[in-house]
Amino acid sequence: MACWTFCVALLHCEFLYVMAAFNPAYPVTPWGFTLSCLPANKTEDPASSVPGVSSNASSLSGGTEAAAEGRLNSSGFHVAHLSPAASHCCFWSEQGTSCPVRVGVAEGETLVSTVESPVSQQLGVDWNLQCWMQGDLKLFICSGEPLLKSLFQNYDLQAQLFHVLAEAAEDAHLAPQKGGFESVQCNGSREGRWECRVPVPTAKLNSTLLMYVKITAAGGTFQSPLMSARPINVVKPDPPLDLHMEITEDGNLNISWYSPTLAPFPLQYQVKYSENSSTVLREVDETVSAPALLADSVLPGCSYEARVRSRRLDGPGVWSDWSAPRVFTTQGIQNPTQSLVWVVHMQSLKLCKAATEQRKYVMYFPPKILTSAGSNVSFHCVYKNETMIVSSEEIVWWVNLAEEIPPSQYYAVSDRVSKVTFLDVKATKPRGVFTYDAVYCCQGHHCHHRYAELYVIDVNINISCETDGHLTKMTCRWSADPARSLVGSSWQLWYHRSSLYCSDRASLHPISEPKDCYLQQDGFYECIFQPIFLLSGYTMWIRVNHSLGSLDSPPTCIVPESVVKPLPPANVKAEITANIGLLKISWEKPIFPENKLQFQIRYGLRGQETQWKTHEVADIKTRSASVPVRDLCVVHAVQVRCRRLDALGYWSDWSSAAYTAVTDVKVPARGPEFWRRVNGDATKRERNVTLLWRPLMKSDSLCSVRRYVVKHQTARDGTWSEDAGDRTQLTFLWAEPAHTVTVLAINSIGASLANFNLTFSWPVSEVNVVQSLGAYPLNSSCVILSWILSPGDYSLMHFIIEWKNLDEDDEIKWLRIPSSVKKYYIHDYFIPIEKYQFSLYPIFSEGVGKPKTINGFTKADEGHPNDAGLYVIVPIIISSSVLLLGTLLISRQRMKKLFWEDVPNPKNCSWAQGLNFQKRTDIL
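Everything numeric here is computed off the predicted structure, so don't read it as measured data.

Student: Provide a residue-level description of the overall build of the chain, including the pertinent values.
Tutor: Along the backbone of the chain there are five helices and 63 strands. The buried share of the chain, taken over its 924 residues, is 43%. Of the contacts formed within the chain by residues at least 6 apart in sequence, a portion of 68% connects residues at least 24 apart. Accessible surface computed for the chain: about 50500 Å², of which carbon and sulfur atoms make up 53%.

The following block contains the structure:
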């Protein structure tokens, strides 16, 4: 008997195990389902007393949060006061029936799990569950939310999801062993909400995922029945992005959007939009397969609101969340700003009649356009007159109510839509506070106060870049011209870097990034790229961002290696070469770049404002150059710069200036000019002669004079020299009939090569060749000295003019002039009331001739009276003649007007009609 009882019990256990093993998992539905747990006295299933074994259980009435709240309130218990008991959980779907109370396993209508729980005999718990595969196909997510949130608000909730991926379809019908499940910890909250995330490999998207959830909260544990799902069948795409509404050219509303991720299957979209106007409220719900929907014709003064969601087109799937709603309002409500502009235009121009009726509307699409100079833009309009749409054939267009647009620029798109096109638009010139052109759509000569706004910006911006000489960074600059900017706009540089060089034609690249640029004091924006890739192509453009949209300047592509600005040449030296007299410059080539370089030299005299001269170095291999300069005895400043020989990139900065030192480069070019002053009695043969000379200029001394040497030569004593040091005069005794002297200039290199000689000869000093001499003052700073020589053939070398003020004890002044001159202008400070002495010495190769001397200025009737007068009288005569001629011309015009003012015009007289006044008639 005992054996028979043991066998019956064993068979009963085996039966329960088999039933549990073949219990089918609950299929996860795309629309969500509910997990309901009831106390033990609400079911009569005897198998429910066995923990962990699946069996059928009682039916659950679909519970809402309000029903659960009522159930809790009627029980009179709080969760903390509950005692442990057995609780049963089952699923029911939004589209199915509630859990039955007693159902056989074979029927398979519901699945029940039992756990130990301190829930009251009078209380049950419900969760809304939904499971889906994320749009990026990486995570499987299950989330639950209790219908009665207040039940768990004072308790921490913990949830775990146990899951396993079945490799084959038949494996999904068998419940895996307990050790085959993997668990993930879920995120829970005090309100009873939880969310579990399970990573799913891409290769397992078509596999079956078996799972159950275990929830611990309020001192109890709830375990769901087994669930199954194929991840690919419950994909929930991300909500569509960038929902956009615009009016098409024919006046319809186009709703478009983008899918954020690439789904592995086509999508369908559900679009809900509403149209709200003063007379109509309409809601539309449509499902489309393309990411756009074309709605009905748009009317002025209407408001449209739309949203969209997506799901799999063919087969099961989960609807995505709704996109953010988008509201689009057409024109029809008066804009105070546009009304003000209308008043200004009407008061100043008065070209059109205002459509003042309250029920007249005009709708522009787009209402505002931001574009770049040189582009073509178009506006459309619909004109509504009370309840009727004005025919597009009656519409004309104006700009600023000052310029009517030619009919060739606009046409009727349909019977209700007119379109105007502006070709090759120019940049908008601001007019006071208005930075746009107002475009009006009018019915004949009746213009509505509403207008469209056209903003045109010149975005032809030149971006220039240069790479530093160390090849470590590239600096790019572009002008921030205030005339280009639009109020509320921002300008930013965008770029894309290619791996190697630039393409044949620069274009905007979809993969790009902005670059921070900073405004400099010179009005330019400056951006620095560091580090750089020398051979990469950097495509750059300026993007103008505004609330109306964005504009891009024409792109330019730059390779850093081709815009290098080398370092300036180093160790620059300059000197004036000795004996040759050339300016020699030497330098060292910079380390970078390694390309062949060309060099340029600039040089000039050192000073505050150096007048530079440039010299191109022909030989690229040389590191020195010599250039001729006019003045060798001044300090020269020299600088050198370089650039690539192939003309790519930029010239370097000029090097630091190098300066020449002033040294003697040659012997003096000539000795000084000199004259003499003879002292003593002219009747005696021995007289003291003082030589006078002026210091040599640097251009003659090349470049300094250390001392002067006077060389003497006589027939008796021969030749000897006398050192004068740095003095400019020397006195010697003239005691020989002929005494020749030469003054030499000496510098560090040697004595002057070309020198002046002067011979003192007793016989020659008596030769008189100057017949007459006259001095004629022109003004206080100039005197004309003229002379006449005696007839004869003379071998004159030159003349010496000597003058001094007799009223003052001044030194004599002298000039050396050519022998061919017969008249000379002496420029000095002359006082007319004082007496001056003028002397003219003829100089022969044999000696100094007898001078011609006069004391005082020559009178007009003496000597050559006409010589000086011509220089004063002739200009006066010419000026007087011109003045007289002008006076006669003016007088003639005035006399003609005076005498002929009252003479009638014969053409206006009746008696003179038909007479020829140009034909001569004889008077009898």
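Student: For the pairing of strand β7 (residues 158-166), give the residues involved together with the corresponding values.
Tutor: By the bridge criterion, nine bridges tie β7 to strand β11 (residues 208-217) in an arrangement that is antiparallel. Bridging from a neighbouring strand, Ala-166 pairs with Thr-208 of β11. One ladder, built from four bridges, connects β7 with strand β8 (residues 182-185); its direction is antiparallel. Paired with Phe-162 across the two strands is Ser-183, which belongs to β8.

Student: How would you explain the pattern of salt bridges if you had to name every residue and give the values?
Tutor: Enumeration over the complete set of coordinates arrives at 18 salt bridges. Its salt-bridge partner being Asp-653, residue Lys-565 comes within 2.7 Å of it at the nearest N-O pair. Here Lys-565 is found in the loop between β42 (556-558) and β43 (570-576), whereas its partner Asp-653 is found in the loop between β48 (636-644) and β49 (658-659), with 88 residues between them in sequence. The network of salt bridges with shared partners includes Arg-477, Asp-522 and Glu-526.

Student: Tell me about a negative patch on the surface, and please be specific about residues and values.
Tutor: On the surface, Asp-807, Glu-808, Asp-809 and Asp-810 cluster together into a patch of negative charge. Secondary-structure assignment places Glu-808 in the loop between β59 (796-805) and β60 (813-818). Take Glu-808: its relative accessible area is 40%, and that puts it in the partly exposed class.

Student: Can you tell me about the sheet that holds strand β54 (residues 729-734), naming the residues and giving the values?
Tutor: Two pairing modes exist for strands in a sheet, parallel and antiparallel, and in both the strands are linked by backbone hydrogen bonds. Taken together, the three strands give an open sheet; going across it, the order is β50-β51-β54, and neighbouring strands pair in antiparallel fashion. Edge positions in the sheet fall to β50 (674-679) and β54, since each of these pairs with one other strand and no more. Across this sheet, the average inter-strand angle for adjacent strands is 25°, counted without regard to direction. Here β50 runs beside strand β51 (residues 687-693); their pairing, made up of six bridges, is antiparallel. Looking across to β51, one finds that Trp-675 is bridged to Leu-692.

Student: Any chance you could break down the nonpolar core for me, citing the residues and the numbers?
Tutor: In this structure, Trp-127, Phe-140, Trp-194, Met-211, Ile-215 and Ile-255 are the most contacted members of the largest nonpolar core, which totals 67 residues. With six residues, the top contributor of residues to this core is strand β5 (residues 125-134). Sequence-distant contacts of Met-211, defined by excluding residues within four places in its chain, comprise Val-28, Cys-131, Phe-140, Cys-142, Leu-161, Phe-162, His-163, Phe-181, Pro-225, Leu-226, Met-227 and Ala-229. Core analysis: the next-biggest nonpolar cluster, separate from the first, contains 56 residues, Ile-395, Val-399, Leu-401 and Phe-529 among them.

Student: Provide a residue-level description of the state of the cysteines, including the pertinent values.
Tutor: Put plainly, two cysteines are in a disulfide when a covalent bond ties their sulfur atoms together. All told, the structure shown has eight disulfides when counted by the stated rule. Across the disulfide, Cys-186 is cross-linked to Cys-196 (sulfur-sulfur distance 1.8 Å). Measuring handedness by torsion sign, the sulfur bridge of Cys-186 and Cys-196 sits at about 105° and is right-handed. Remark: Cys-196 occurs in strand β10 (residues 194-199) and Cys-186 occurs in the loop between β8 and β9 (187-188); sequence separation between them is 10 residues. Pair check on accessibility: Cys-186 and Cys-196 agree, each one buried. Put simply, Cys-517 and Cys-527 are joined by a disulfide, and their sulfur atoms are 1.7 Å apart. Across the S-S bond linking Cys-517 and Cys-527, the dihedral sits near 100°, which makes this disulfide right-handed. With a gap of 10 residues between them, Cys-517 in the loop between β37 (513-515) and β38 (518-519) and Cys-527 in strand β39 (residues 524-529) connect regions that are remote in the sequence.

Student: Which residues make up the environment of Leu-129, and what values do they have?
Tutor: Structurally, Leu-129 can be placed in strand β5. Every residue in contact with Leu-129, bar those within four places of it in the chain, is listed here: Gly-32, Phe-33, Leu-35, Phe-91, Ser-143, Gly-144, Trp-194 and Met-227.

Student: How would you sum up a nonpolar patch on the surface? Please name residues and give values.
Tutor: Taken together, the side chains of Leu-500, Tyr-501 and Leu-535 present a nonpolar region at the surface, about 280 Å² in accessible area. On the basis of relative accessible area, Leu-535 is assigned to the partly exposed category, the value being 36%.

Student: So what's going on with the side chain of Thr-858? Which residues, and what values?
Tutor: Examined against the element boundaries, Thr-858 turns out to sit in the loop between β63 (852-855) and α5 (865-900). Sequence-distant contacts of Thr-858, defined by excluding residues within four places in its chain, comprise Leu-773, Gly-774, Ala-775 and Tyr-776.

Student: Describe in detail the environment of Phe-599, supporting the description with residues and values.
Tutor: Following the sequence through the fold, Phe-599 ends up in strand β45 (residues 597-605). For Phe-599, a relative accessible area of 2% translates into the label buried. Phe-599 sits 30 residues away from Pro-569 along the chain, and the two C-alpha atoms are 8.8 Å apart. Look past the residues within four positions of Phe-599 in its chain and what remains in contact with it is Pro-569, Trp-587, Lys-589, Glu-616, Val-617, Ile-620, Arg-623, Val-640, Arg-641, Cys-642 and Trp-651.

Student: Which residues make up the sheet that holds strand β58 (residues 782-789), and what values go with them?
Tutor: With respect to topology, three strands assemble into an open sheet ordered β57-β58-β61, the strand pairing being antiparallel. Whereas interior strands pair on both sides, the edge strands pair on one side only; in this sheet they are β57 (770-779) and β61 (823-827). Between one strand axis and the next, the sheet turns through 20° on average, direction left out of account. With five bridges joining them, β58 and β61 adopt antiparallel strand pairing. Its bridge partner being in β61, Ile-784 is matched across the sheet by Tyr-825.

Student: Break down the packing of aromatic side chains for me, citing the residues and quoting the values.
Tutor: One pass over the structure, following the stated rule, counts 27 aromatic pairs. Taking 5.4 Å as the distance between ring centres and 50° as the angle between the ring planes, the aromatic pair formed by Tyr-440 and Tyr-451 counts as tilted. Of the two residues, Tyr-440 sits in strand β31 (residues 437-443) while Tyr-451 sits in the loop between β32 (446-447) and β33 (452-457), which places them 11 residues apart along the sequence. Tyr-451 matches Tyr-440 in its accessibility class, with the two residues each being buried. Each ring, one from Trp-587 and one from Phe-599, has its centre 5.4 Å from the other, and the planes form 45°; the classification is tilted. With a gap of 12 residues between them, Trp-587 in strand β44 (residues 582-588) and Phe-599 in strand β45 connect regions that are remote in the sequence. You'll find Trp-587 and Phe-599 in the same group, each marked buried. For Arg-312, the ring lying beneath its charged end belongs to Phe-265, and the centroid distance is 4.7 Å. It is Lys-515 that lies over the ring of Phe-529; its NZ or CZ is 4.9 Å from the centre.

Thresholds applied
- Residues numbered from 1 in each chain as written.
- Predicted model: local features only at pLDDT ≥ 70, side-chain atom pairs only at ≥ 80, totals over all residues.
- Heavy atoms only, no water.
- Helix = DSSP H or I, 4+ residues; strand = E, 2+ residues; numbered from the N terminus.
- Buried < 20%, exposed > 50% of the residue type's maximum accessible area, 1.4 Å probe, protein only.
- Contact = heavy atoms within 4.5 Å.
- Areas by Shrake-Rupley, 256 points an atom, 1.4 Å probe, with all protein chains shown as cover.
- Pairing = 2+ DSSP bridges.
- Salt bridge = Lys/Arg side-chain N within 4 Å of Asp/Glu carboxyl O.
- Patch = residues over 30% accessible without salt bridge, like charges linked within 9 Å, V, L, I, M, F, W, Y side chains within 5 Å.
- Lys, Arg positive; Asp, Glu negative; His and termini not counted.
- Charge placed at Lys NZ, Arg CZ, Asp CG, Glu CD.
- Axes fitted to C-alpha atoms, helices over the stretch in contact; angles between N-to-C directions.
- Core = buried A, V, L, I, M, F, W, Y, C linked by side-chain atoms within 4.5 Å.
- Disulfide = S-S within 2.5 Å.
- Phe/Tyr/Trp six-rings, centres within 6.5 Å; stacked < 30°, edge-to-face > 60°.
- Lys NZ or Arg CZ within 6 Å of the ring centre and 35° of its normal.

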